[in-house]
Every structure is written in C-alpha cells, then in structure tokens.
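Single-letter residue listing:
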Amino acid sequence: MTMPYAFLTGFFAALLLAAAILYGLYTYSRQNRADASKIKGYLDLIPDLSEEQRETVQEIRQTFLPKIQGVRQNLRRERAELAKLLFSEPTDRNEIYKVAKQVLEHQSELEREVIEHILEEKELLTPSQKKKFYEIIVTQFSSGGLGVHDVKGTH
C-alpha cells in the first residue's frame, strides 16, 4: 500500500512542478511580448532619454509613422499584385517587371524616410546617447532590414 501512495505522491509532485514551470514560461513570454509591443522606434531602446527628448520624439513620430504606414500599405498591395501576376496565365512579363519596379521604388522610399527619421532623431541626443543609438542601428541593420521601421515591423 505504500508503493502506490509513493507513486501517486511523486506523480502529483511532478505534475505540480511541470505546471509551475509552464506558468512561469507563460508569464515570462507574455511580459516580453508586452515590452516589445511598446517599442515604436529605435529611441525607445535608449533608457536615459529625458522627458523633453521623449516628447520631441513623440512629435516627430506623429508625422513619420503615418507617412511610412502609407508606404507600407503600398508595398503590401503591390507585393500582392506581384504574386498574382507571377501565377497568372498567360504570364505577362512586362506587367510583372512594371509592378516589381513599383515595389522597389516604394522600398527605396521607405529606406529614405527611415534614414531621414534617424538623422532627425540623432540631433536630439547627447554624445553618449548617440553612441548607444549607433550600436542599436548597427544591430538592427545587420539583420538585413530596417528593424522596427521595416515593413515587417519586427525588432
């Protein structure tokens, strides 16, 4: 009778431990997603911005974010059109290349807007903040995209 009791006690203890671990992982993951969703730009990754700097960044974003949102919408629409053309019969190569050119133009526009935005934000920073900003930019750009400003919007 002690054998089944010991087995059941061990089983429930293991079950309780597994549940506690899963709950901890869930809580940690939820917190990380919440933190990531607060990031709207690279300067959100610099912790020592003054309140005045943060307010100026918000003002800059009120113009910048809607502008790039329009570019992103154009890119999504044109990429959908490109996919449709790639698989339509008969294949119209001229139309495919025309739409592909539009996609490239909007990607270039997005790059230019992000560059201008970075230059504008850089002017708000102290020398030590500029150093951190540079490190953030290098890290973000090394992944091959525009980081939080990219079409995918990932960080």
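Residues numbered from 1 in each chain as written. Predicted model: local features only at pLDDT ≥ 70, side-chain atom pairs only at ≥ 80, totals over all residues. Heavy atoms only, no water.

A. Local environment of the nonpolar core. Core analysis: the largest hydrophobic core is formed by 17 residues, its most contacted members being Y42, L43, I46, L110, I118, L125 and F133. For this core, the elements supplying multiple residues, two or more each, are α2 (51-86), α3 (93-122) and α4 (127-142). For this core, the leading source of residues is α2, giving five residues. (Core = buried A, V, L, I, M, F, W, Y, C linked by side-chain atoms within 4.5 Å. Buried < 20%, exposed > 50% of the residue type's maximum accessible area, 1.4 Å probe, protein only. Helix = DSSP H or I, 4+ residues; strand = E, 2+ residues; numbered from the N terminus.)

B. Looking closely at the packing of aromatic side chains. Taken as a whole and judged by the stated rule, the model has two aromatic pairs. Taken together, a centroid distance of 5.5 Å and an interplanar angle of 70 degrees make the contact between F11 and F12 edge-to-face. A ring pair is formed by Y42 and F141, whose centres lie 6.4 Å apart and whose planes are at 70 degrees; its orientation type is edge-to-face. Taken as a pair, Y42 in the loop between α1 (2-37) and α2 and F141 in helix α4 lie far apart in primary sequence, 99 residues in all. Relative accessible area serves as the criterion here: at 0%, Y42 is assigned to the buried category. (Phe/Tyr/Trp six-rings, centres within 6.5 Å; stacked < 30°, edge-to-face > 60°.)

C. Region of interest: the packing of α3 against α4. Where α3 meets α4, the closest approach of the two axes is 11 Å, and the angle between their N-to-C directions is 160 degrees. On the basis of the axis angle, α3 is roughly antiparallel to α4. Relative to α4, α3 is oriented so that their crossing is right-handed. Contacts between α3 and α4 involve I118, E121 and K122 from the former and K130, F133, I137 and F141 from the latter. In terms of residue class, the contact of α3 with α4 is made up of four nonpolar, no polar and three charged. (Axes fitted to C-alpha atoms, helices over the stretch in contact; angles between N-to-C directions. Parallel < 35°, antiparallel > 145°, perpendicular 65-115°, else oblique. Left-handed = near helix turned anticlockwise from the far one by under 90°. Contact = heavy atoms within 4.5 Å. Nonpolar A, V, L, I, M, F, W, Y, C, P; charged D, E, K, R; others polar.)

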